[in-house]
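# Coordinate inspection notes
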Amino acid sequence: SVLCFSKREWKPLEDRSCTDIPWLLLFILFCIGMGFICGFSVATGAAARLVSGYDSYGNICGQKNAELEAIPNSGMDHTHRKYVFFLDPCNLDLINRKIKSVALCVAACPRQELKTISDVQKFAEMNGSALCSYDLKPSEYASSKAKGLCPKLPVPASAPIPFFHRCAPVNISCYAKFAEALITFVSDNSVLHRLISGVMTSKEIILGLCLLSLVLSMILMVIIRYISRILVWILTFLLILGSLGGTGVLWWLYAKQRKSPKETVIPDQPQVAEANLRALLIYAISATVFTVILFLVMLVMRKRVALTIALFHVAGKVFIHLPLLVFQPFWTFFALVLFWVYWIMTLLFLGTAGSAVQNEQGFVEFKMSGPLQYMWWYHVVGLIWISEFILACQQMTVAGAVVTYYFTRDKRNLPFTPILASVNRLIRYHLGTVAKGSFIITLVKIPRMILMYIHSQLKGKSRIHLISVLNAYTATAINSTNFCTSAKDAFVILVENALRVAAINTVGDFMLFLGKVLIVCSTGLAGVMLLNYQQDYTVWVLPLIIVCLFAFLVAHCFLSIYEMVVDVLFLCFAVDTKYNDGSPGREFYMDKVLMVSTSNALYCFKD
């Protein structure tokens, strides 16, 4: 069967037809189901309960309510009571992860701390906002009948949450304790407080470093585009310099703080200084080990530098002709954020949807029963499938644009905007193929989410799987065939060039990894310097981790586009060299410069 598939002729951009239409219809029906879930939750009042909030008797704040059968204090008119107030906001249910307190609708949140019941009474009389049970008048707050029906004293100062009408304490220390209970590895409760304090104190620096990582990623894309021939040497030199410099700086900071701790220690905070000193020692040792390992790996990879230069040169020319490729991560990220916001809002709607039922305390909760209670499973599958669909649209768009560039002999005849032309072909012909490919990835990811203990076994296979999917999209962009046919054709080509594929993936991934490491190291080093010399810093372990993670994600988003271009170019090159030999009537599609640089590099490596 493999021989049969290998004989099928590739016809780049000659014919164009719709592919995998049944899968497109299935995807549309699935999206209609997602819309039904959102509509159902809104129609059952979940949206109003989520945004406006509701009290412990099922009344939605800020509106008139219908009476609920056998539930006291239901059906009240809360038109002028727009905020949810909890009598004991710090009484947290750690098991169910919610506030275990009586909730009331009030006219205003107490902006200042109320220390005595007399203060609560004055607040009700002056602001018209009763903070005790509906059955009590303000004049009865100090009586014996008010026991257990008024808020726990002192009442903390609170403010309404924007868009969600809940009175939240201004001092969130009780919520920090809630987080501590969920983090089992924290033996000292003061540790989490210091970590949170470090993040809050350094929030401006964290934001600035995140923007720095974004700028560095875009600069690296410009470097790849214009100086691809010397990119490998630049990255190698900078990485060596950065590794040595970063390691040296960390050891220098450790030695400096160890010898003269009084200069940097904040009075009355010796534990903070000790924690930072330990963190510096761990960072310095880790950086040293990382630098040694990196040098050994680069020593082994040095003979493959020529191949990497050739691949980056070809991809660099693509970015010169298709500059809009650089902006693909922005559009994809924007689409994902819009969908994720919709998904989270619908999930929150589902959390307040259903019928009113009384719990063991006699208060109202909203729960769904019957088959409807499993709608959130459908919603979770939708999160994965639609997210993968958006990512697959990006892959198909990039593949289509690069294929158009490659198989256009005269580059002057390229479409005015190959990216938009690729998007047009995607929408007109290949949405079904994208839906099918993303569904296959969803089938792979769902078991990985359920069976997390085999994640390490699947992790090593994910890269090969994603390469196959991308090349299947590339084959669809070339031949306009359905997903299965395209996957088989791409598989045959990859098998015939197994050694080349191994070399390209190894070297290409390694060099792009070096770029990501360079951005993370540069951002992390800047973070160490800024956080170290900040006068009012506390523990800055967590801020530095946040910055480095964000820097890696940003670098990955940008360099993944370059990785896609390299993979698509190789498949195009393999098809071109298989069916053409440069003779009359079988001319190569690639220009001579690209042919010489690519074929020579691959030939040298093969030898």
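Residues numbered from 1 in each chain as written. Predicted model: local features only at pLDDT ≥ 70, side-chain atom pairs only at ≥ 80, totals over all residues. Heavy atoms only, no water.

Along the backbone of the protein chain there are 18 helices and eight strands. Scored against the burial criterion, the 607 residues of the protein chain give a buried share of 46%. The long-range share in the protein chain, meaning contacts at least 24 apart out of those at least 6 apart in sequence, stands at 73%. For the protein chain, the exposed area adds up to about 31,200 Å²; of that, 67% sits on carbon and sulfur atoms. (Helix = DSSP H or I, 4+ residues; strand = E, 2+ residues; numbered from the N terminus. Buried < 20%, exposed > 50% of the residue type's maximum accessible area, 1.4 Å probe, protein only. Contact = heavy atoms within 4.5 Å. Areas by Shrake-Rupley, 256 points an atom, 1.4 Å probe, with all protein chains shown as cover.)

Let us now look at the side chain of T247. Relative to the assigned elements, T247 resides in helix α8 (residues 228–259). Not counting residues up to four positions away in its chain, the partners in contact with T247 are A284, A287, T288 and T291.

On to the pattern of salt bridges. If you walk through the whole model with that rule in mind, you get two salt bridges. Note that K578 and E496 form a salt bridge whose closest N and O atoms lie 3.2 Å from each other. Separated by 82 residues along the polypeptide, K578 in helix α17 (residues 541–579) and E496 in helix α15 (residues 483–496) bring together distant segments of the chain. Residue E496 is classed as partly exposed on the basis of its relative accessible area of 44%. (Salt bridge = Lys/Arg side-chain N within 4 Å of Asp/Glu carboxyl O.)

Overall, the coordinates contain 17 aromatic pairs when judged by the stated rule. Judged by centre distance (4.6 Å) and plane angle (20°), the ring pair of F30 and Y378 falls under stacked. Pair noted here: F30 is in helix α2 (residues 21–43) and Y378 is in helix α12 (residues 375–406), with a separation of 348 residues, a long-range link. Relative accessible area serves as the criterion here: at 10%, F30 is assigned to the buried category. Members of the aromatic cluster, each reached through a chain of ring pairs, are W23, F27, F30, Y378, W385, F389 and F439. (Phe/Tyr/Trp six-rings, centres within 6.5 Å; stacked < 30°, edge-to-face > 60°.)

Take the packing of helix α11 (residues 328–351) against α17 next. Helices that pack against each other are described as a pair by the angle of their axes relative to one another and the distance between those axes. The interhelical angle for the contact between α11 and α17, taken along N-to-C directions, is 120°, at an axis separation of 9 Å. Taken together, α11 and α17 sit at an angle that is classed as oblique. The way α11 lies across α17 gives a crossing that is right-handed. When α11 is examined against α17, the residues Q328, P329 and F330 are found in contact with a partner set consisting of C557, F558 and I561. (Axes fitted to C-alpha atoms, helices over the stretch in contact; angles between N-to-C directions. Parallel < 35°, antiparallel > 145°, perpendicular 65-115°, else oblique. Left-handed = near helix turned anticlockwise from the far one by under 90°.)

Moving on, we get to unusual backbone geometry. Between L153 and the following residue, P154, the backbone shows a cis peptide bond with an omega angle of -10°. Mapped onto the elements of the fold, P154 is located in the loop between α4 (117–127) and β5 (158–161). Backbone geometry places D20, a non-glycine residue, at a positive phi of 55°. Tracing the sequence through the fold places D20 in the loop between α1 (2–6) and α2. The phi dihedral of A70 falls on the positive side, at around 65°, and the residue is not glycine. Mapped onto the fold, A70 is located in the loop between α3 (46–52) and β1 (83–86).

Attention now moves to α12. The end-to-end C-alpha distance of α12 is 46 Å, a good match for the 46 Å that 32 residues give at a rise of 1.5 Å each. Across the 32 residues that make up α12, a large majority, 25, are buried. (Expected span 1.5 Å × (residues − 1).)

At a closest axis distance of 9 Å, the pairing of α2 and α11 adopts a crossing angle of 45°. Comparing the axis directions of α2 and α11 gives the class oblique. Read as a crossing pair, α2 and α11 show a hand that is left-handed. Only F339, Y342, W343, T346, F349 and L350 of α11 make contact with α2, whose side of the interface consists of M34, G35, I37, C38, S41 and V42. Looking at the contact of α2 with α11 residue by residue, the classes come out as nine nonpolar, three polar and no charged. (Nonpolar A, V, L, I, M, F, W, Y, C, P; charged D, E, K, R; others polar.)

Looking now at the confidence of the model for the protein chain. Confidence in the prediction of the protein chain, expressed as mean pLDDT, is 77, and 76% of residues score 70 or more. The model gives residues 178–192 a pLDDT under 50, and that stretch makes 13 contacts with residues more than four places away or in other chains. (pLDDT = per-residue confidence, 0-100.)

Mapped onto the elements, S560 comes out in helix α17. On the accessibility criterion, S560 (13% relative accessible area) is buried. Between the C-alpha atom of S560 and that of D509, which follows or precedes it by 51 residues, the distance is 9.7 Å. In this structure the side chain of S560 is engaged in a polar contact, spanning 2.8 Å, whose partner is the backbone oxygen of C557. (Polar contact = N/O pair within 3.5 Å; in protein donor to acceptor, adjacent residues only side chain to side chain.)

All right, on to the environment of W251 then. Along the chain, W251 turns up in helix α8. As for W251 and T288, which are separated by 37 residues in sequence, their C-alpha atoms are 9.3 Å apart. When sequence neighbours within four positions are dropped, the list of residues in contact with W251 reads L281, A284, I285 and T288.

This part is about the pairing of strand β8 (residues 364–367). Residues in a regular strand project their side chains so that they alternate between the two faces of the sheet. Relative to β8, strand β7 (residues 355–358) runs antiparallel, the two sharing four bridges. In the strand pairing of β8, Q358 is matched with V364. Counted along the chain from β7 to the antiparallel partner β8, the turn is five residues long, and its residue G362 has a positive phi close to 85°. (Pairing = 2+ DSSP bridges.)

Core analysis: the biggest nonpolar cluster contains 53 residues, and L325 and V565 have the highest contact counts within it. Of all the secondary-structure elements, those providing two or more residues to this core are α7 (203–226), α9 (270–301), α10 (305–321), α12, α14 (455–479), α16 (498–532) and α17. Top element by residues in this core is α17. It accounts for 15 residues. Contacts of V565, omitting those with residues within four sequence positions, involve A315, V318, F319, L325, V398 and V402. By size, the runner-up hydrophobic cluster in this structure holds 25 residues, among which are L104, A124, L131 and A146. (Core = buried A, V, L, I, M, F, W, Y, C linked by side-chain atoms within 4.5 Å.)

Right, let's get into a nonpolar patch on the surface. Residues I21, L25, I28, L29 and I32 make up a contiguous nonpolar surface patch of roughly 480 Å² in combined accessible area. The topology assignment puts I32 in helix α2. (Patch = residues over 30% accessible without salt bridge, like charges linked within 9 Å, V, L, I, M, F, W, Y side chains within 5 Å.)

Working note: α-helix, 3.6 residues per turn, so residues spaced by three or four point in the same direction. Spanning 14 residues, α15 covers 20 Å between terminal C-alpha atoms, matching the ideal 20 Å at 1.5 Å per step. Of the positions making up α15, those classed as buried are F483, S486, D489, A490, V492, I493 and L494. You can read the cap of α15 off the contacts: a side-chain oxygen lies 3.3 Å from the backbone nitrogen of C484, and it is on N482.

Summed over the entire model, instances satisfying the criterion amount to three disulfides. Two residues, C61 and C105, share a disulfide whose sulfurs are 1.9 Å apart. Across the disulfide from C61 to C105, rotation about the S-S bond amounts to roughly -85°, and the bridge is consequently left-handed. On the criterion of sequence distance, the pair formed by C61 in the loop between α3 and β1 and C105 in strand β4 (residues 103–106) is long-range, its members being 44 residues apart. Assessed through its relative accessible area of 1%, C105 is described here as buried. Across a sulfur-sulfur distance of 2.0 Å, C132 and C150 are joined as a disulfide pair. (Disulfide = S-S within 2.5 Å.)

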